[in-house]
Structures are given as C-alpha cells and as structure tokens.
Amino acid sequence: MMQKKMALVTIFVVLAAILAGACSSSGSSGNTVSISGYAFKPASLNVSTGTTVTWTNNDSVTHTVTSDTGAFSSGDIPPGQTYSYTFNQAGTFAYHCSIHTYMHGTVTVKTSSGGGY
Ligand SMILES: [Cu+2]
C-alpha cells in the first residue's frame with residue numbers, strides 16, 4: 001500500500017519535470033530550432049557568441065538551413081535528422097531553406113558577457 005503511493009508520487013514528480021522542461025524550451029531564447037510545418041520554430045532566435053544551435057527536422061520532407069549570406073549551409077536535412085552550427089561571431093544571421101525558399105529564420109548573436117572577446 002505504502003509502496004504504491006510512493007510510486008504514484010514519483011510518477012507525478014517525473015511528469016512535472018518533463019512539463020517544466022517543455023515550457024522553458026519554448027520561446028525565442030535557447031539553442032534549438034524545430035523545423036515543422038514548413039517553418040522554423042522559433043523563426044527568430046537570440047543566442048550569445050559561442051552557442052551551438054541545433055536545428056531538428058520534424059517534418060516529413062527534407063529541408064535545409066542555408067545562410068542568406070553563405071556563412072553556413074547544412075545541405076539536405078532528411079526528416080528526423082539534425083544540423084548544428086556554432087555561432088562564434090556577433091551579428092544577425094538570416095537563413096532560409098534552399099528547397100522551400102519562403103521558409104525564413106534569423107539567429108541574432110550577441111557577444112557573450114562572460115567571454116574574453
Ligand atoms: Cu524546406
């Protein structure tokens with residue numbers, strides 16, 4: 001009887017942790033971008049220098065993450081695959097999908113306050 005109650009409490013705590021994690025990862029900060037529904041989510045992301053941003057293709061078609069200025073290019077990202085790029089320079093980096101050119105996103109990179117730049 002007592003063990004069953006403990007198990008229920010454990011399940012609740014784990015669920016709460018998962019939900020809290022899901023909430024904090026949404027929004028425009030963080031370092032992950034989901035590609036789904038032929039869109040980058042979030043479309044604009046704010047990071048500090050040295051941050052590695054990872055895009056995950058959650059769609060059922062291939063997409064790319066291609067810098068508008070040629071600063072980086074993922075090549076084809078098949079469904080379920082990821083692409084990562086480390087932003088070491090401050091600036092605003094606009095990118096698009098080279099297959100669906102109407103898909104746009106921006107990464108804004110600010111100099112890390114704790115960095116030695
Ligand atoms: Cu695409």
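Preceding this section is the structure that the text describes.
What counts and how
- Residues numbered from 1 in each chain as written.
- Predicted model: local features only at pLDDT ≥ 70, side-chain atom pairs only at ≥ 80, totals over all residues.
- Helix = DSSP H or I, 4+ residues; strand = E, 2+ residues; numbered from the N terminus.
- Buried ≥ 20, exposed ≤ 12 C-beta atoms within 10 Å, placed from the backbone.
- Contact = placed C-beta atoms within 7 Å.
- Pairing = 2+ DSSP bridges.
- Axes fitted to C-alpha atoms, helices over the stretch in contact; angles between N-to-C directions.
- Core = buried A, V, L, I, M, F, W, Y, C linked by C-beta atoms within 7 Å.

Participant: Looking at this structure, how should I read the overall build of the protein chain?
Facilitator: Of the regular secondary structure elements, the protein chain holds one helix and eight strands. Listing each helix as α and each strand as β along the protein chain from the N terminus yields α-β-β-β-β-β-β-β-β. Residues classed as buried in the protein chain amount to 19% of the 117 residues present. Long-range pairs, those at least 24 residues apart, make up 47% of the contacts in the protein chain between residues at least 6 apart in sequence.

Participant: How should I be thinking about the sheet that holds strand 8 (residues 104-110) in this particular structure?
Facilitator: Strands in a sheet are paired, the pairing made by backbone hydrogen bonds, and the direction either parallel or antiparallel. On the basis of which strands lie adjacent, the open sheet formed by four strands has the order 3-8-7-5 and mixed pairing. Edge positions in the sheet fall to strand 3 (44-48) and strand 5 (66-67), since each has one partner strand and no second. Two strands pair when backbone bridges link them, and strand 7 (residues 91-96) and strand 8 are joined in this way by six bridges, in the antiparallel orientation. Residue F93 lies in a different strand from strand 8, and its bridge partner there is V107.

Participant: Is there a simple way to think about the pairing of strand 7 in this case?
Facilitator: For a regular strand, side-chain orientation follows a simple rule: the groups alternate between the two sheet faces. As defined by bridge partners, strand 5 adjoins strand 7 across two bridges and the pair is classed as antiparallel. Of the residues in strand 7, the one forming a bridge with S67 is Y95.

Participant: Would you explain the environment of V107 in this entry?
Facilitator: Note on placement: V107 falls in strand 8. The sequence separation of V107 and S29 amounts to 78 residues, and the corresponding C-alpha distance is 9.9 Å. In this structure, V107 is in contact with L45, V47, V53, F87 and F93, ignoring residues within four places of it in sequence.

Participant: Looking at this structure, how should I read the pairing of strand 8?
Facilitator: Burial of the side chains of strand 8 is restricted to one face: G105, V107 and V109 are buried, whereas none of H104, T106, T108 and K110 on the reverse face is. Note that strand 3 and strand 8 share five bridges and pair parallel. Paired with S44 across the bridge in strand 8 is T106.

Participant: Mind showing me how you'd approach the sheet that holds strand 1 (residues 32-36) here?
Facilitator: The sheet built from four strands is open, its strands ordered 2-1-4-6 with mixed pairing. Bordering the open sheet on either side are strand 2 (39-41) and strand 6 (82-87), each of which pairs with just one other strand. The mean inter-strand angle of the sheet, taken between neighbouring strand axes irrespective of direction, is 20 degrees.

Participant: Looking at this model, I keep getting lost on the nonpolar core. Mind explaining?
Facilitator: Most often, soluble globular proteins keep nonpolar side chains buried together rather than apart. In this structure, V33, V47, V53, W55, F87 and V107 are the most contacted members of the largest nonpolar core, which totals 17 residues. Elements with a minimum of two residues in this core: strand 1, strand 3, strand 4 (51-57), strand 6, strand 7 and strand 8.

Participant: Teacher, can you tell me more about the environment of T52 here?
Facilitator: Looking at where T52 falls in the secondary structure, it is placed in strand 4. C-alpha of T52 to C-alpha of T32: the two residues are 20 residues apart in sequence and 8.7 Å apart in space. Once you skip the residues sitting within four places of it in the chain, T52 turns out to touch N31, S84 and T86.

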